[in-house]
Amino acid sequence: MALDRILLSDGSETGRMKELSLNILDVARNSVNAGADRIGLYLTENGKGKLTVRIVDNGCGMDGETLKNCVRPGFTTRVGSSGLGLALMAAESALCGGKMKVLSRKGKVFHGTAVEVCFDMTFPNVLPLGKIEQTVRTLALAETHPRIRFVYRTPEETFTFRSEGSSGHIGKKTETKI
């Protein structure tokens, strides 16, 4: 298998994205498509080469059957979707000794989805994080203008960004703690 290809859980191969931020964007766009008006992106470096990515939304959530199949390559509930977003994310994580969890609830009172993916950034084939700031900007400028909370934590510092949401203004409520 070439380094630009990745083996999916069903044994098939597909092309890899060039950076993790593109995988994150692909998965977070599912939040927008699920009607979320709030999306949280949380990236945490532990200082020992581990990166944890959490994507949390208040979208419509998934029923049990959808949740059971959501990481299966080609599975989708949307017209025009390849069904590879979560499958690729899970495969990238597994390729470098990590793991992925997906939690979701579809209900009248509480609904939404949380995806947590861990990566060992010391593995030789791990993708670079890439331009995460462009991922955050793209999400904040989505047609529905969801409120975005982005938090990047390292052992030394925490950076937090919040978008205004439906007003479409970016950066009015930016917080940084360095």
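Look a little higher up for the structure.
Residues numbered from 1 in each chain as written. Predicted model: local features only at pLDDT ≥ 70, side-chain atom pairs only at ≥ 80, totals over all residues. Heavy atoms only, no water.

### Topic: the packing of aromatic side chains
What counts here: Aromatic pairing here means that ring centres of Phe, Tyr or Trp (its six-membered ring) are within 6.5 Å. Orientation follows from the plane angle: under 30 degrees is stacked, over 60 is edge-to-face, and everything else is tilted. Only protein chains enter the accessibility calculation, which uses a 1.4 Å probe; a residue whose area is less than 20% of its type maximum is buried, one above 50% is exposed, and one in between is partly exposed. Geometrically, a lysine NZ or arginine CZ counts as sitting over a ring once it is within 6 Å of the ring centre and also within 35 degrees of the ring normal.
For the structure on display, the rule yields two aromatic pairs. Here Phe 150 and Tyr 152 contribute two aromatic rings whose centre-to-centre distance is 6.4 Å and whose plane-to-plane angle is 55°, an arrangement assigned as tilted. We classify Tyr 152 as buried; its relative accessible area is 16%. Here a set of aromatic residues connected by ring pairs shows up, and it is made of Phe 150, Tyr 152 and Phe 159. Above the ring of Tyr 42, the side-chain terminus of Arg 54 is found at 4.8 Å from the ring centroid.

### Details of the pattern of salt bridges
To keep it simple, the criterion reads: Salt bridge, as used here, is a side-chain nitrogen of Lys or Arg placed within 4 Å of a carboxyl oxygen of Asp or Glu. What counts as a helix is a DSSP run of H or I of at least four residues, what counts as a strand is a run of E of at least two, and both are numbered from the N terminus.
One pass over the structure, following the stated rule, counts four salt bridges. A salt bridge links Asp 37 to Arg 38; its shortest N-O distance comes to 3.7 Å. Among the salt bridges present, the one from Glu 116 reaches Lys 101, with a minimum N-O distance of 3.7 Å. In this pair, Glu 116 sits in strand β6 (residues 112-120) while Lys 101 sits in strand β5 (residues 99-105), placing the two residues 15 residues apart along the sequence.

### A few points about the pairing of β6
Working note: regular strand, side chains alternate between the two faces of the sheet. The following threshold applies: DSSP-based pairing: two strands are paired if at least 2 bridges between them are found.
Bridge analysis of strand β4 (residues 50-57) against β6 gives eight bridges, and the strand direction is antiparallel. When the bridges of β6 are listed, Arg 54 appears paired with Glu 116. Summarising the sheet, β5 and β6 pair through seven bridges and their orientation is antiparallel. Residue pairing in the sheet places Lys 101 in a bridge with Glu 116 of β6. Between the end of β5 and the start of β6, which pair antiparallel, lie six residues.

### Regarding the packing of helix α1 (residues 20-33) against helix α3 (residues 85-95)
For any two helices packed against each other, one specifies the crossing angle of their axes together with the interaxial distance. Put simply, the test is: To obtain each axis, a line is fitted to C-alpha atoms, and for helices this fit is confined to the stretch in contact; angles are then taken between N-to-C directions over 0 to 180 degrees. The handedness criterion is simple: a crossing whose near helix is rotated anticlockwise from the far helix by less than a right angle is left-handed, and one whose near helix is rotated clockwise is right-handed. Only heavy atoms enter the contact rule, under which two residues are in contact if any of them lie within 4.5 Å. Three residue categories are used. Nonpolar comprises Ala, Val, Leu, Ile, Met, Phe, Trp, Tyr, Cys and Pro, charged comprises Asp, Glu, Lys and Arg, and polar comprises the others, including Gly.
Packing of α1 against α3 brings their axes to within 9 Å, and their N-to-C directions diverge by 145°. In this structure, the crossing between α1 and α3 has a hand that is left-handed. Residues Asn 23, Ile 24, Asp 26 and Val 27 of α1 form the contact with α3, whose own contacting residues are Gly 85, Leu 86, Leu 88, Met 89 and Glu 92. Its residues placed into classes, the contact of α1 with α3 shows five nonpolar, two polar and two charged.

### A word on the environment of Leu 84
For Leu 84, the location among the structural elements is in the loop between α2 (64-69) and α3. Since its relative accessible area comes to 21%, Leu 84 is described here as partly exposed. Leu 84 sits 57 residues away from Val 27 along the chain, and the two C-alpha atoms are 9.4 Å apart.

### Observations concerning helix α4 (residues 132-140)
Quick reminder of the rule: Taking the helix axis as origin, the arc is that swept by the directions to the C-beta atoms.
Of the residues making up α4, those classed as buried are Ile 132, Thr 135, Val 136, Leu 139 and Ala 140. On an axial view of α4, the arc spanned by its buried residues comes to 130°, and they lie on one face. Those residues of α4 that are exposed and angled more than 90 degrees off the buried face are Glu 133 and Arg 137. If you follow the buried residues of α4, they end up packed against α1, β3 (38-45), β7 (147-153) and β8 (158-162).

### Quick word on the pairing of β8
The sheet contact formed by β7 and β8 spans five bridges and is antiparallel. Bridge assignment links Val 151 to a residue of β8, and that residue is Thr 160. Here β7 hands over to β8 after four residues, the two strands then running antiparallel side by side.

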